[in-house]
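Now for the letters of each chain:
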Amino acid sequence: FGLANFADFIKYYLTKNKFDICIIEYIELSFLLDSIPKTTKKYLDTHDLKNNREKEFKKYGLPHEKFTWEEEINIFKQYDKILLIQKNEYKKVSKVIGKDKTLLISHAVNLPRQKIRKKVTNIGFIASSYPPNIEGLFWFLNNVWPSFRNCDIQLTIYGSVCNYFSRFDKYKNVCFKGLFNDL
């Protein structure tokens, strides 16, 4: 599918299958808004504000787009609800477009106290090829992991982040597994 074909497919699918709400994940997929029937409510799951994310990417020299706060707000106004996970971003957006159009969906994390093993022998890491994941793992493998070279410990890495580490043998006791359908 090309983007136009994907939008046509979504329009066809949503015409044949009635939904009360359609949640678009990430503002980058807002090109699909015209494919959603007028009778279906449109929600956007932002994850993070894109203009802030792009500023951070630029600050660290990562590939980024020029995307302004005004552009982001204009896109938000096309949705029935904007879902935000960070309280400060919720406050910022709800001030502009109203609390009736914004929902704070914080991560509900309840971590019960667990007994920690006396000896750790295997650490797992799962990540996409999102640039901060690549940079963070590269930094960890080159700056932290070498201090474990004489330990009996294995690091197993899953996900598309593995695609960016061409010299797998460079890292002792590190296993790059890549993508798996079922972990």
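Heads up: these notes are all about the structure in this document. Predicted model, so just to flag it, every value in this text is computed and none were measured.

Examining unusual backbone geometry
The phi angle at Tyr26 is positive, at roughly 80°, despite the residue not being glycine. With respect to the helices, strands and loops of the structure, Tyr26 is situated in the loop between strand 1 (21-25) and strand 2 (41-45). Its relative accessible area of 35% is what places Tyr26 among the partly exposed residues. Even without being a glycine, His47 presents a positive backbone phi close to 65°. By the secondary structure assignment, His47 is in the loop between strand 2 and helix 2 (50-59).

Here's the deal with the sheet that holds strand 7 (residues 174-178)
Read across the open sheet, the three strands follow the order 5-6-7; overall the sheet is parallel. If you trace the sheet from one side to the other, it starts and ends with strand 5 (122-126) and strand 7, each paired once. Geometrically, the sheet is characterised by an average inter-axis angle of 20° between neighbouring strands, direction not taken into account. In this sheet, strand 6 (residues 154-158) lies alongside strand 5 in parallel orientation, the contact comprising five bridges. Counterpart to Gly124 in the pairing with strand 6 is Thr156. Across the sheet, helix 5 (residues 131-143) touches strand 5, strand 6 and strand 7, and the angle it forms with strand 6 is around 165°.

Looking at helix 5
The terminal C-alpha atoms of helix 5, which comprises 13 residues, lie 18 Å apart, in line with the 18 Å expected from a rise of 1.5 Å per residue. Of all the positions in helix 5, only Ile134, Leu137 and Leu141 are classed as buried. Each buried residue of helix 5 lies within a common arc of 75° when the element is viewed along its axis, so the set occupies one face. The inward-facing, buried residues of helix 5 abut strand 5, strand 6 and strand 7.

What counts as what
- Residues numbered from 1 in each chain as written.
- Predicted model: local features only at pLDDT ≥ 70, side-chain atom pairs only at ≥ 80, totals over all residues.
- Heavy atoms only, no water.
- Helix = DSSP H or I, 4+ residues; strand = E, 2+ residues; numbered from the N terminus.
- Buried < 20%, exposed > 50% of the residue type's maximum accessible area, 1.4 Å probe, protein only.
- Pairing = 2+ DSSP bridges.
- Axes fitted to C-alpha atoms, helices over the stretch in contact; angles between N-to-C directions.
- Contact = heavy atoms within 4.5 Å.
- Expected span 1.5 Å × (residues − 1).
- Arc of directions from axis to C-beta.

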